[in-house]
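Structural overview
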Amino acid sequence: MQEELETQEKKGIQMPHTYVIIFGIVLIAWLLTLVIPAGKFSTEEVEYETGDGGTETQEVLQQDSFRYMHPLEQDTLRSELEDLSQDEETLANLQVDEEDLTQVLDENQTLSLNQLAEIGLSEENLYDLYGESIYDTSENLSKTANVWGTEDHYGFGVFNYLFEGLVEGDRFSAAIGIVAMLLVVGGAFGIIMKTGAIDAGIYAFLRNARGMQDLAIPLIFVAFSFMGATFGASEEVIAFSIIIVPFTIALGYDSITAVTITIAAAEIGNATSWMSPFSIAIAQGIAGLPALSGAGFRIIMWVVITLLSCGYTVRYARKIKANPTKSITYKSDGFFRENLANQTEEERPFTLGHKVILLELLIGLGWIVYGVMAQGFTIPEMASQFFVIGLGAGAIAVILRVNNMRINDVANAFQDGVADLAPTAAVVGMAQGILLVLGGSDADSYSALNTILHSVGELLSGVPSMIAAWFMYIFQSLFNLVVTSNSGQAALTMPIMAPLADLAGVTRQVAVLCFQLGAGFVDAFTPVSASLIGVLGVAHMDWSQWAKFQIKMQGFLFLIGSAFVIGAVIIGYQ
């Protein structure tokens, strides 16, 4: 059977590898920057209410502050700066040293924004003081990466997208933090799988819960959707997938079903949430709405969309269970089937060591959820938690002689687990590279992405309310393909979409609804989502395989989301 499938695969049209797809997107993004001029916004900090009655601040763009990147008008700029060098009060307010400014003017025939930024005079300072008078507005400039280069030599080059993508961010975010966490998770996952505890637990469940297995898929789906809706579950789903992927395959389904009932379900919950602190609270605060207002409509939406999506998943799962070879991932799922089939039924004892390891794993998962919800744990803490869980499982296995494991076996299992998720970690860096090629996602830095955002806002002004709302939803969905941070997307888009909604006759609550549906659903599809890539890595699944299935589900979700957006406009959702 396996040989027949491989023969059919070779004869048919092969889906491009994930690396090939992302490289193609990088080149397209680079070509776009050749024709789309760069632009930027000024930013400000806004304060918004959180669901618990507290307040937080978020840096957002100022709606009417967009400007294109222009050449500097050297004579005008020099004249203004010479006057500024004599204005002690303004220099003191800007915290710019008079001698530094005078030195820059004396030593440089041609002035640049970088030179002025080095002495503390930013482009935003200059724009606030002089507006567009210091620019030659007859020409819009593009910000295009070189073919090759680094920040230190020749400037960022498109063919350096992988390295720059991997080192982007910090320990709290993509890509550095996520990549490091994935490698730690991979090692912990390798140790846990080596003990055989998960396999033994799965078969113990199958022996003792006959007739109840069909309930597993819908129950797990609803549980993860609820987790996404209440506390925005995302990275922590990776830990749960370590158990659920082999469990789902043991039930006769495939890894696509497993990924759908975990990370996809969580993102569906996030998209329909009435209380997520990472999306709804921030978006409503920026839009000037009461924190977590309009919850009644959203709770109904969560119930309806969760049940419909669950039904969609169950229908697919039953089809695969009836004929597993129809699965796109039948070949890659062989990894899990082989592990489960290595022993006969009689040779699958559920020993004390297995039980203790699974108990330790469940306690560890509870610890992760508690840390995220109650302690505000983020990527560094979760990575450390994963390591402790894996180390604990290894220690128990050595002490209780589970699978006759020794200390070196634990180390080798950790090494193999890291190797398994290393290709996934590379995808995170590649995907981050797409954003860098477009100029980055900072509103206050010149980029093609900011120009696209501004242009969409201009196009939607004056459009009938129903169409405007629907196109807001489409735009938010497309924007999420490259900016997957919910808080980041809210900070970039809501300062434009909220007042735009006023002009189009759409309530701001509807504008927030368009944001959350677009940002949430597409998170279950885009290769830029580090959480999704992490779960796919655990499932030994290529993103291109997932995309082939998920594109249909995205169409299904888009239709349901469109219906709720249109319904919200009709009832004047407040």
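As the structure is a computational prediction, the values presented were derived from the model and not from experiment. (Residues numbered from 1 in each chain as written. Predicted model: local features only at pLDDT ≥ 70, side-chain atom pairs only at ≥ 80, totals over all residues. Heavy atoms only, no water.)

1. Some thoughts on the overall build of the protein
- A tally of regular secondary structure across the protein gives 25 helices and four strands.
- Expressed as lengths along the three principal axes of its C-alpha atoms, the size of the protein is roughly 90 × 55 × 55 Å.
- Every one of the 574 residues in the protein was classed for burial, and the buried ones make up 54%.
- A separation of at least 24 residues holds for 77% of the contacts in the protein among residues at least 6 apart in sequence.
- Here the protein displays about 25100 Å² of accessible surface, and carbon together with sulfur accounts for 57% of that area.
- Here the protein contributes 25 positive and 60 negative side-chain charges, whose respective centroids are spaced 25 Å apart. (Helix = DSSP H or I, 4+ residues; strand = E, 2+ residues; numbered from the N terminus. Buried < 20%, exposed > 50% of the residue type's maximum accessible area, 1.4 Å probe, protein only. Contact = heavy atoms within 4.5 Å. Areas by Shrake-Rupley, 256 points an atom, 1.4 Å probe, with all protein chains shown as cover. Lys, Arg positive; Asp, Glu negative; His and termini not counted. Charge placed at Lys NZ, Arg CZ, Asp CG, Glu CD.)

2. Some points on the side chain of R67
- Of note, R67 is situated in strand 4 (residues 67-68).
- Of note is the side chain of R67, whose polar atom sits 3.0 Å from the backbone oxygen of S65.
- At 2.6 Å, the side chain of R67 forms a polar contact with the side chain of E123.
- When sequence neighbours within four positions are dropped, the list of residues in contact with R67 reads G39, K40, F41, S42, E123, E124, Y127, E132 and Y446. (Polar contact = N/O pair within 3.5 Å; in protein donor to acceptor, adjacent residues only side chain to side chain.)

3. Considering a negative patch on the surface
- On the surface, E82, D83, D87, E88, E89, D97, E98, E99, D100, D106 and E107 cluster together into a patch of negative charge.
- Where the negative patch is concerned, the elements lending two or more residues are helix 3 (74-84), helix 4 (88-94) and helix 5 (98-107).
- With five residues, the top contributor of residues to the negative patch is helix 5.
- For D87, a relative accessible area of 31% translates into the label partly exposed. (Patch = residues over 30% accessible without salt bridge, like charges linked within 9 Å, V, L, I, M, F, W, Y side chains within 5 Å. Salt bridge = Lys/Arg side-chain N within 4 Å of Asp/Glu carboxyl O.)

4. Considerations on the confidence of the model for the protein
- Chain-level pLDDT for the protein is 85 on average; 93% of the residues reach the 70-or-more range.
- Below a pLDDT of 50 lies the segment residues 1-10, which in the model reaches nine contacts outside its immediate sequence neighbourhood of four places, other chains included. (pLDDT = per-residue confidence, 0-100.)

5. Considering the packing of aromatic side chains
- According to the stated counting rule, one finds 19 aromatic pairs in the structure shown.
- Between F387 and F414 the ring centres are 6.1 Å apart and the planes differ by 85°, which places this aromatic pair in the edge-to-face class. Of this pair, F387 sits in helix 18 (residues 379-399) while F414 sits in helix 19 (residues 407-437); the two residues are 27 residues apart in sequence, bridging distant segments of the chain.
- When its relative accessible area of 39% is taken as the criterion, F387 is described as partly exposed.
- Among the aromatic residues, ring-to-ring pairing joins W470, F471, Y473 and F558 into one connected group.
- Over the ring of Y127 we find R67; its NZ or CZ atom is 3.9 Å from the centre of that ring. (Phe/Tyr/Trp six-rings, centres within 6.5 Å; stacked < 30°, edge-to-face > 60°. Lys NZ or Arg CZ within 6 Å of the ring centre and 35° of its normal.)

6. Considerations on unusual backbone geometry
- Its identity is not glycine, yet R401 carries a phi of approximately 60°, on the positive side.
- Within the secondary structure, R401 sits in the loop between helix 18 and helix 19.
- On the basis of relative accessibility, which here comes to 42%, the residue R401 falls in the partly exposed class.
- Notably, N404 is not glycine yet its phi reads approximately 55°, a positive angle.

7. Examining the pattern of salt bridges
- Summed over all chains, the structure comprises four salt bridges.
- A salt bridge links K40 to E123; its shortest N-O distance comes to 2.9 Å. Here the residue K40 occupies a position in strand 1 (residues 39-40), and E123 occupies one in helix 7 (residues 123-130), the gap between them amounting to 83 residues.
- Classification of E123 as buried rests on a relative accessible area of 8%.
- Taking the shortest distance from any N to any O, the salt bridge between R67 and E123 comes out at 2.6 Å. Of this pair, R67 sits in strand 4 while E123 sits in helix 7; the two residues are 56 residues apart in sequence, bridging distant segments of the chain. An identical accessibility class is assigned to R67 and E123; each is buried.
- Among the ionic contacts, a cluster of salt bridges with common partners joins K40, R67 and E123.

8. Details of the nonpolar core
- Ranked by internal contacts, the top residues of the largest apolar core, which has 159 residues, are V259, I305, M494, W543 and W546.
- Here this core takes twelve residues from helix 19, the largest share from any one element.
- When near neighbours in sequence (up to four residues on either side) are disregarded, M494 contacts A283, I286, A287, Q476, Q489, P499, A511, V512 and F515.
- Membership of the second largest hydrophobic core comes to 20 residues, among which are L84, V96, L126 and Y446. (Core = buried A, V, L, I, M, F, W, Y, C linked by side-chain atoms within 4.5 Å.)

9. A word on the domain arrangement of the protein
- We note that the domain assignment places domain 1 (72-139) and domain 2 (176-438) within the protein.
- Computed over C-alpha atoms, the centres of domain 1 and domain 2 are 53 Å apart. (Domains from an automatic or database assignment.)

10. Topic: helix 2 (residues 18-35)
- For helix 2, built from 18 residues, the straight-helix expectation of 26 Å at 1.5 Å per residue is met to within 8% by its first-to-last C-alpha distance of 27 Å.
- Those residues of helix 2 lying buried are T18, I21, I22, V26, A29, W30 and T33.
- In the core, the buried residues of helix 2 are packed alongside helix 8 (161-166), helix 19, helix 20 (448-460) and helix 25 (543-571). (Expected span 1.5 Å × (residues − 1).)

11. Topic: a nonpolar patch on the surface
- The grouping of M466, I467, W470, F471, I566, I570 and I571 at the surface amounts to a nonpolar patch, some 630 Å² of accessible area in total.
- Counting residues per element, the ones that place at least two in the nonpolar patch are helix 21 (465-479) and helix 25.
- If you tally residues by element for the nonpolar patch, the top one is helix 21, at four residues.
- Its place among the elements puts M466 in helix 21.
- For M466, a relative accessible area of 35% translates into the label partly exposed.

12. So, a positive patch on the surface
- Together, R315, K319, K326, K548 and K552 make up a positively charged patch on the protein surface.
- Within the residue set of the positive patch, elements represented by two or more residues are helix 15 (295-322) and helix 25.
- Tracing the chain through its elements places K552 in helix 25.
- The class of K552 is exposed, set by a relative accessible area of 61%.

13. Let's talk about the environment of V418
- Secondary-structure assignment places V418 in helix 19.
- Along the backbone, V418 and G228 are 190 residues apart, and their C-alpha atoms lie at a distance of 27 Å.
- Non-local contacts of V418, meaning those with residues more than four positions away in its chain, are made with L183, G186 and G187.

14. Quick notes on helix 7
- Buried residues dominate helix 7, accounting for six of its eight residues.
- Of all the residues in helix 7, the buried ones are E123, E124, N125, L126, Y127 and Y130.
- Positive backbone phi, at 60°, marks G131, one or two positions downstream of helix 7.

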